[in-house]
Amino acid sequence: MVNLRSDLSTFGKYIDQPAIIKGLNNAVPVASSIVALSYTAYDTYKAPKEEKKKRAIKDLIITGFTLASAFIATKGLKIGGRKIIKGISEECHHSHHHHHGSGHSSGHKHIKPIDEILNQVKDKKIKGLINKVKDKKYINLSQVVEINKSLEELAPGERLISKVIPDSHIHTPKEMFSELWKLTKVGMLPIAGGIIGGIIADKVNGEDISKTSKNKIKEGLYQYMANITLCNAGAGLALLCLNKLNIKSKAIKFVGMLTGVMTVGVLFGGTIANFVCKNFINPLLGDNNKTEGSSRKHHHHCIHDMFKDLNKERKPELLDLGLHIDDVASVGFLSGLKWIGPILPALYSISGFRAGIGYRNNDTSKSQPNQSKIELSHTPFKFVYGPSIKIEKF
């Protein structure tokens, strides 16, 4: 068990090395754009002939706005050399240096922890490998193992490898809660970007945005509450319990927070989001397609009416469960896996896209033009293609 834990820890250091984090930061925007264009091409190909142009325009605008807002949220925005928006990754980078960037001082000069190690190491090969890490150059897993073995021989049990490849800056419960709040804010931007992109796309395509924008706002609320805010709240509640029990293990914290995500976000998130949408958002939007019992004469509500048919307009479905991969990634990031940070904006963008198309799985009106229906002849079923795929019985 000890060897397994040590091996996993060393592998964690390998994937958290600066070169891989840097590579992911550079690769994820490109890869996300390729995926978005590929999906647009596929979705356009599958659309009816008369809808292909509109479908392409819609998908391109929504994915463009969603991805742009997601990466602005994480990387920030600089115009003309001036920083307009500070991204979460920059805040993390600053905090990382605050914890690891300075060591013992000599006069006015600060010595970084990695330089302290270089001063102690005598083996030229190990010294060269450490310098490669310092210069953000890639080293392979066996080389990380070599460094770790050499440093363990130099100072047994002191985990000097963490001075070469620093741990996450997130250490204390206060820092974890701060990061949860930042991730909650980051999740808001791609959803807002998706809604804005969807409205612009509908305007370009000649749709009546006074009708189509309602579903985008409602789906945006659903995604933000069910898939982001409440999941983070679940992780936070679990973290409080873990802290009360004085649990320090990263692995146990990961499992515990993931359990909180699944309990609060996955099981109850959709229902809570639908409750808010039915009783508060629908009336504000002047939606005449409220679920039965959502209003009565003189706007009189009773407890029964407020909870009746909550999932009639938007049922939780299997794809919604799949979208919680971003919550798993967020928990991993909070647990100390730095490499997950660069991929979070791409994962959050999926929720933004769903908001942009105004996805409502129980809405068959024209206000959802991005869902086309193709019936399979000679069968008692119809195949519904769109943001999700399902088979319904006639």
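Procedures and definitions
- Residues numbered from 1 in each chain as written.
- Predicted model: local features only at pLDDT ≥ 70, side-chain atom pairs only at ≥ 80, totals over all residues.
- Heavy atoms only, no water.
- Helix = DSSP H or I, 4+ residues; strand = E, 2+ residues; numbered from the N terminus.
- Buried < 20%, exposed > 50% of the residue type's maximum accessible area, 1.4 Å probe, protein only.
- Contact = heavy atoms within 4.5 Å.
- Areas by Shrake-Rupley, 256 points an atom, 1.4 Å probe, with all protein chains shown as cover.
- Axes fitted to C-alpha atoms, helices over the stretch in contact; angles between N-to-C directions.
- Parallel < 35°, antiparallel > 145°, perpendicular 65-115°, else oblique.
- Nonpolar A, V, L, I, M, F, W, Y, C, P; charged D, E, K, R; others polar.
- Core = buried A, V, L, I, M, F, W, Y, C linked by side-chain atoms within 4.5 Å.
- Phe/Tyr/Trp six-rings, centres within 6.5 Å; stacked < 30°, edge-to-face > 60°.
- Arc of directions from axis to C-beta.
- Polar contact = N/O pair within 3.5 Å; in protein donor to acceptor, adjacent residues only side chain to side chain.
- Salt bridge = Lys/Arg side-chain N within 4 Å of Asp/Glu carboxyl O.

1. Some details on the overall build of the chain
Helix and strand content of the chain: 15 helices and seven strands. Counting over 394 residues, the chain shows a buried share of 45%. Taking as baseline every contact in the chain between residues at least 6 positions apart, the subset at least 24 positions apart corresponds to 66%. As displayed, the chain offers around 21,000 Å² of accessible surface, 64% of which is attributable to carbon and sulfur atoms.

2. Let's talk about the packing of helix H9 (residues 173-204) against helix H10 (residues 209-244)
Where H9 meets H10, the closest approach of the two axes is 10 Å, and the angle between their N-to-C directions is 170°. By the angle between their directions, the pair H9 and H10 is classed as roughly antiparallel. Counted by class, the contact of H9 with H10 contains 16 nonpolar, 11 polar and three charged residues.

3. Points about the nonpolar core
Leu183, Ile191, Ala235, Met257, Leu344 and Tyr348 are the most contacted members of the largest nonpolar core, which has 21 residues in total. Of all the elements in the fold, those that place two or more residues in this core are H9, H10, helix H11 (250-285), helix H14 (325-334) and helix H15 (344-356). Counting residues per element, this core draws most heavily on H9, at six residues. Counting residues in hydrophobic clusters, the runner-up holds 20 residues, among them Leu129, Ile130, Ile147 and Ile165.

4. Things to note about the packing of aromatic side chains
Enumeration according to the criterion identifies four aromatic pairs in this entry. With a centroid separation of 5.9 Å and an interplanar angle of 40°, the aromatic rings of Phe11 and Tyr14 are classed as tilted. In this pair, Phe11 and Tyr14 both sit in helix H1 (residues 2-15), three residues apart, roughly one turn of the helix. Residue classification places Phe11 among the partly exposed residues on the basis of a relative accessible area of 39%. When the centroid spacing of 6.1 Å and the interplanar angle of 70° are considered together, the rings of Tyr14 and Tyr138 count as edge-to-face. Of this pair, Tyr14 sits in helix H1 while Tyr138 sits in the loop between helix H6 (124-134) and helix H7 (141-154); the two residues are 124 residues apart in sequence, bridging distant segments of the chain.

5. Focus: H6
Listed in full, the buried residues belonging to H6 are Ile126, Leu129, Ile130 and Val133. All buried residues of H6 lie within an arc of 100° about the axis, which places them on one face of the element. Taking the backbone nitrogen of Lys125 as reference, a side-chain oxygen 2.9 Å away marks Asp123 as the first, capping residue of H6.

6. A few points about the side chain of Asn148
Its location among the elements puts Asn148 in helix H7. Given a relative accessible area of 11%, Asn148 falls into the buried group. Each residue touching Asn148, except ones within four places of it in the same chain, is listed here: Thr10, Arg159 and Ile161.

7. Some remarks on unusual backbone geometry
With a phi close to 60°, Lys136 is a non-glycine residue in the positive phi region. Tracing the backbone through its elements, the reader meets Lys136 in the loop between H6 and H7. What makes Lys136 partly exposed here is its relative accessible area of 46%.

8. Comments concerning the environment of Met188
Of note, Met188 is situated in helix H9. Residue Met188 is classed as partly exposed on the basis of its relative accessible area of 41%. Residues Met188 and Ser351, 163 residues apart in the sequence, show an inter-C-alpha distance of 9.7 Å.

9. Section: the pattern of salt bridges
Counting across every chain of the model gives eight salt bridges. For Asp202, the salt bridge is made with Lys58, and the minimal N-O distance between the two is 2.5 Å. In this pair, Asp202 sits in helix H9 while Lys58 sits in helix H3 (residues 52-75), placing the two residues 144 residues apart along the sequence. Accessibility classification places Asp202 together with Lys58 in one group, the buried group. Residues Asp115 and Lys134 are paired through a salt bridge, measuring 2.7 Å at the closest nitrogen-oxygen approach. Taken together, the residues Asp115 in helix H5 (residues 113-120) and Lys134 in helix H6 connect sequence positions 19 residues apart. What makes Lys134 partly exposed here is its relative accessible area of 38%. Because the salt bridges share partners, they merge into one network encompassing Lys58, Asp202 and Lys216.

10. Let's talk about the environment of Gly256
Mapped onto the fold, Gly256 is located in helix H11. Counting along the chain gives 17 residues from Gly256 to Leu239, while the straight-line C-alpha distance between them is 7.3 Å. Sequence-distant contacts of Gly256, that is, excluding residues within four places in its chain, are made with Ala238 and Leu242.

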